[in-house]
Amino acid sequence: MIERIYILESVDPVAFYGVNNVYMQLIKTLFPKLRIVARGNVMKIIGDEDELDTFIKKIREIEEYCEEYNALTEDAIIDIVKGNPSVVMKKQDHLIIHGVGGRPVIARSANQQKLVKSFEENDLTFAIGPAGSGKTFVAIALAVRALKNKLVRKIILSRPAVEAGEKLGFLPGEMKDKLDPYLQPLYDALQEMIPQVKLKEYMENNIIQIAPLAFMRGRTLNDAVIILDEAQNTTPHQIKMFLTRLGLRARMIVTGDITQIDLPASTNSGLVEALRILSGVHGIGKVTFTKRDIVRHKLVRHIVDAYEKHDRQRKENDAKTVTKE
């Protein structure tokens, strides 16, 4: 009898063992000749060498399956242990990754698919379009996929902390508490793609970093996917500072909606200026989303239409007023 140690490195042990350790109990049943003790992400296995070798091989396959699909089932465990090839789930068209609970994250619209292709072909991609078109969600999914596939070592997500109605100084709490509301949409997207325990580990180890734009100054970002969200609210100086953070073996995605600029009227949008200045530069991609790409509640598209109609009417009325004067 010999002893081996196996460490779960890429999955959340809670998800791997199952509710009330139901998956772990099944694994023990499938290997009755072994004594298996699991604590946290460490498994201690005692038994004959041949049986141990088979166990290590199969448990690694189960872990890889759990990491790939972000889910585990009793049927999958049985199929892997018994060598049933049907365990491989059918790949869906335009699949980016599997989110929490195995939910597929798919590039649904043609422009979301263009964003996936542009990310693969360019070191910098601009994704421009209306709220709800999925540009930020797809960008974060691409970053998570690159991290899981070990193409990069970290993900860096940033947003400009532009005041929209309320002043930062009057919000309660420390600076982190005041800035977190601006960054919450990024947390929300990550929580749909990475299990809670794993996400916490990534953030504690700075593998995933979420920070306001001002915190990017002076950094060189290598081996990373870097995403700037809501870039329409950057100044020309800010976006130039951000774009020049791009380091070696890194990819960058800049998202924004140039119809929703919250900057003071006297301040030019850095995103609008960057799109003009960098037009035609090799290695930079641009994907323009439209109302047809909106994938939120069906009312969102109607809301966008209504506001566009309102803006057109206001401009027409303003033009008539100027003409009369």
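Just so it is clear, the structure is predicted and the values come from calculations on it, not from any experiment.

This part takes up the nonpolar core. Counting residues in each nonpolar core, the largest one holds 36 residues, and the members touching the most others are Ile140, Leu190, Met193 and Ile208. Residue assignment for this core shows that the elements contributing at least two residues are strand 4 (95-98), helix 5 (110-121), helix 6 (135-148), strand 7 (154-159), helix 7 (175-193), helix 8 (196-204), strand 8 (208-212) and strand 9 (224-228). Per-element tally for this core: the top contributor is helix 6, with nine residues. With 27 residues, the next largest nonpolar core counts Tyr23, Phe31, Ile59 and Ala76 among its residues.

The end-to-end C-alpha distance of helix 6, which contains 14 residues, comes to 20 Å, matching closely the 20 Å that a straight helix rising 1.5 Å per residue would cover. Counted residue by residue, helix 6 has twelve buried out of 14 residues, so it is predominantly covered. Lys135, Thr136, Val138, Ala139, Ile140, Ala141, Leu142, Ala143, Val144, Arg145, Ala146 and Leu147 are the residues of helix 6 that are buried.

Right, let's get into the packing of aromatic side chains. All chains considered together, the criterion is met by three aromatic pairs. Ring centres 6.0 Å apart and planes at 75° place the aromatic pair Phe16 and Tyr17 in the edge-to-face group. Taken individually, Phe16 and Tyr17 each receive the classification buried, so the pair is uniform in this respect. Residues Tyr65 and Tyr69 carry aromatic rings whose centres are separated by 4.7 Å and whose planes lie at 50° to one another, so their mutual orientation is tilted. Here Tyr69 and Tyr65 lie together in helix 3 (residues 49-69), a separation of four residues that amounts to about one turn. Since its relative accessible area comes to 7%, Tyr69 is described here as buried. Lying over the aromatic face of Phe119, Arg251 brings its terminal NZ or CZ to 5.8 Å of the ring centre.

Calculation criteria
- Residues numbered from 1 in each chain as written.
- Predicted model: local features only at pLDDT ≥ 70, side-chain atom pairs only at ≥ 80, totals over all residues.
- Heavy atoms only, no water.
- Core = buried A, V, L, I, M, F, W, Y, C linked by side-chain atoms within 4.5 Å.
- Buried < 20%, exposed > 50% of the residue type's maximum accessible area, 1.4 Å probe, protein only.
- Helix = DSSP H or I, 4+ residues; strand = E, 2+ residues; numbered from the N terminus.
- Expected span 1.5 Å × (residues − 1).
- Phe/Tyr/Trp six-rings, centres within 6.5 Å; stacked < 30°, edge-to-face > 60°.
- Lys NZ or Arg CZ within 6 Å of the ring centre and 35° of its normal.

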